[in-house]
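Working through the structure, step by step
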Amino acid sequence: MNIQEILAEERVYRNVPGIFPDGPIGFTFHYDDERRIERNIPVDKILDLCRRAYRQYPRDILYLHDESFVIEDAENFRVAVIKTEIAPNKYKYLIPTARYDLRIGPRETVFRVE
């Protein structure tokens, strides 16, 4: 499933403010209804990884506009994130999927957190 397909059928469950200063995090139907339970991945684990990524890479994350990126921890747990502009300087971060050893695209930005 590519980014356009995910956004086209987006149904956001939960909007979590306060992680990224320029917009809330939402979880797509694909993640929240299909993958979260199947993979036994708690939402708190994803939010913690996002917090840590922003603490380590604040300028880099804020600089991104309308693109996807991956946040990765030391154990190869990866969270896919799609950042989309919804108004001037106002964004929404969507989590379409998360898993260990998630495939990374050849030009996809990866933020590795400690």
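This write-up is about the structure you can find in this document. (Residues numbered from 1 in each chain as written. Predicted model: local features only at pLDDT ≥ 70, side-chain atom pairs only at ≥ 80, totals over all residues. Heavy atoms only, no water.)

Another aspect to go through is the pairing of strand β2 (residues 23-27). Along β2, five of the five residues are buried, which leaves the element largely enclosed by surrounding structure. Here β2 pairs with strand β5 (residues 90-100) via three bridges, running parallel. Considered in β5, the bridge of G26 is made with L94. (Buried < 20%, exposed > 50% of the residue type's maximum accessible area, 1.4 Å probe, protein only. Helix = DSSP H or I, 4+ residues; strand = E, 2+ residues; numbered from the N terminus. Pairing = 2+ DSSP bridges.)

Here we come to unusual backbone geometry. Although it is not a glycine, N89 sits at a positive phi angle of roughly 60 degrees. Tracing the backbone shows N89 in the loop between β4 (77-87) and β5. Although it is not a glycine, D101 sits at a positive phi angle of roughly 55 degrees.

Under the criterion given, the structure shown has five aromatic pairs. Both rings, one in F20 and one in Y54, keep their centres 6.1 Å apart while their planes meet at 85 degrees; by these two values the pair is edge-to-face. Taken as a pair, F20 in strand β1 (residues 13-20) and Y54 in helix α3 (residues 43-56) lie far apart in primary sequence, 34 residues in all. Relative to F111, the ring of Y57 lies with its centre 5.1 Å away and its plane at 45 degrees, an arrangement referred to as tilted. Placement of the pair is Y57 in the loop between α3 and α4 (58-63) and F111 in strand β6 (residues 109-112), with a sequence separation of 54 residues. Assessed through its relative accessible area of 21%, Y57 is described here as partly exposed. Taken together through their ring pairs, the aromatic side chains of F20, Y54 and Y93 make up a single cluster. The ring of F77 has K45 sitting right over it, with the charged end atom 4.6 Å from the ring centre. We note K83 situated over the ring of Y91; from NZ or CZ to the ring centre the distance is 4.4 Å. (Phe/Tyr/Trp six-rings, centres within 6.5 Å; stacked < 30°, edge-to-face > 60°. Lys NZ or Arg CZ within 6 Å of the ring centre and 35° of its normal.)

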